[in-house]
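An overview of the molecular structure
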Amino acid sequence: MARNDALETGELTDTSFYILLSLVEARHGYLIMKNIEELTNYKFSIGPASMYTTIKKLLSAGMIEQMKEEADKRKTYIATKQGLELLKNDIQRREMMIHHAKQILNGGVNE
């Protein structure tokens, strides 16, 4: 499956996941990047090009929306109800993946 189809199937890339998670509260681009770095203890970071490409995809898919532009021309975004629902579903999907991996790595023991 192509990465572009991930939103259509309800699966988030790691970049989309962290951007959407950051936009539970309204933030502009720089704050999104800083929030992700701080949230992950600087183990995951997103550059501006990747971030704005992903933001465009999330906007066109209706997962986030742009709020009124601030006086200093910064664009601020926030997750939509649809985006929050996708985020919750993706968390469940990732938890199930972890559960399966633990089952296999622990010798097939059901947890």
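These notes cover the structure that comes with them. Please read all numbers here as calculations on a predicted model, not as lab measurements. (Residues numbered from 1 in each chain as written. Predicted model: local features only at pLDDT ≥ 70, side-chain atom pairs only at ≥ 80, totals over all residues. Heavy atoms only, no water.)

1. A word on the sheet that holds strand β3 (residues 76-79)
Consider a sheet: its strands pair through backbone hydrogen bonds, and that pairing is either parallel or antiparallel. Spelled out, the test is: Two strands pair if DSSP finds at least two bridges between them. Put simply, DSSP marks the helices as runs of H or I at least four residues long and the strands as runs of E at least two long, and each gets a number from the N terminus on. Contacts between residues were defined by any pair of non-hydrogen atoms, one from each residue, lying within 4.5 Å. Only C-alpha atoms enter the line fits that serve as axes; for helices the fit covers just the stretch in contact. Angles between N-to-C directions range over 0 to 180 degrees.
Strand order in the open sheet formed by three strands is β1-β3-β2, and the pairing between neighbours is antiparallel. The open sheet has two edge strands with one neighbour each: β1 (27-28) and β2 (64-66). Alignment of β1 against β3, held across two bridges, turns out to be antiparallel. Bridging from a neighbouring strand, R27 pairs with Y77 of β3. Along the sheet, helix α4 (residues 48-60) contacts β2 and β3; its crossing angle with β2, the most-contacted strand, is approximately 100°.

2. Observations regarding the packing of aromatic side chains
To keep it simple, the criterion reads: Pairing of aromatic side chains here covers Phe, Tyr and the six-membered ring of Trp, requires ring centres within 6.5 Å, and sorts the geometry by plane angle: under 30 degrees stacked, over 60 edge-to-face, intermediate tilted. Charge-over-ring placement is defined geometrically: NZ (Lys) or CZ (Arg) within 6 Å of the ring centre, and within 35 degrees of the ring normal.
In total, this model carries two aromatic pairs according to the counting rule given. For the pair Y18 and F44, a centre-to-centre distance of 4.9 Å together with 40° between the ring planes defines the contact as tilted. Of this pair, Y18 sits in helix α2 (residues 14-22) while F44 sits in the loop between α3 (29-39) and α4, and the two are 26 residues apart along the sequence. An aromatic cluster of three or more residues is present, and its members are F17, Y18 and F44. Directly above the aromatic system of F17 lies the positively charged group of R94, at a separation of 4.4 Å from the ring centroid.

3. Considering the packing of α2 against α3
For clarity, the cut-off: Here the word oblique covers every angle except those under 35 degrees (roughly parallel), over 145 (roughly antiparallel) and from 65 to 115 (roughly perpendicular). Side-chain classes follow a simple rule in which Ala, Val, Leu, Ile, Met, Phe, Trp, Tyr, Cys and Pro form the nonpolar group, Asp, Glu, Lys and Arg form the charged group, and the remainder, Gly included, forms the polar group.
Packing of α2 against α3 brings their axes to within 9 Å, and their N-to-C directions diverge by 105°. Classified by the angle between their axes, α2 and α3 sit roughly perpendicular to one another. Residue-level contacts link Y18, I19, L21 and S22 of α2 to I32, N35, I36 and L39 of α3. Here the residues of the contact of α2 with α3 sort into six nonpolar, two polar and no charged.

4. Some points on the side chain of D90
Stated formally: Burial status follows relative accessibility: with a 1.4 Å probe on protein chains alone, a residue under 20% of its type maximum counts as buried, one over 50% as exposed, and anything between as partly exposed.
Of note, D90 is situated in helix α5 (residues 81-105). You can call D90 buried: its relative accessible area is 0%. What D90 contacts, discounting residues up to four positions off in sequence, is G10, E11, L12 and F17.

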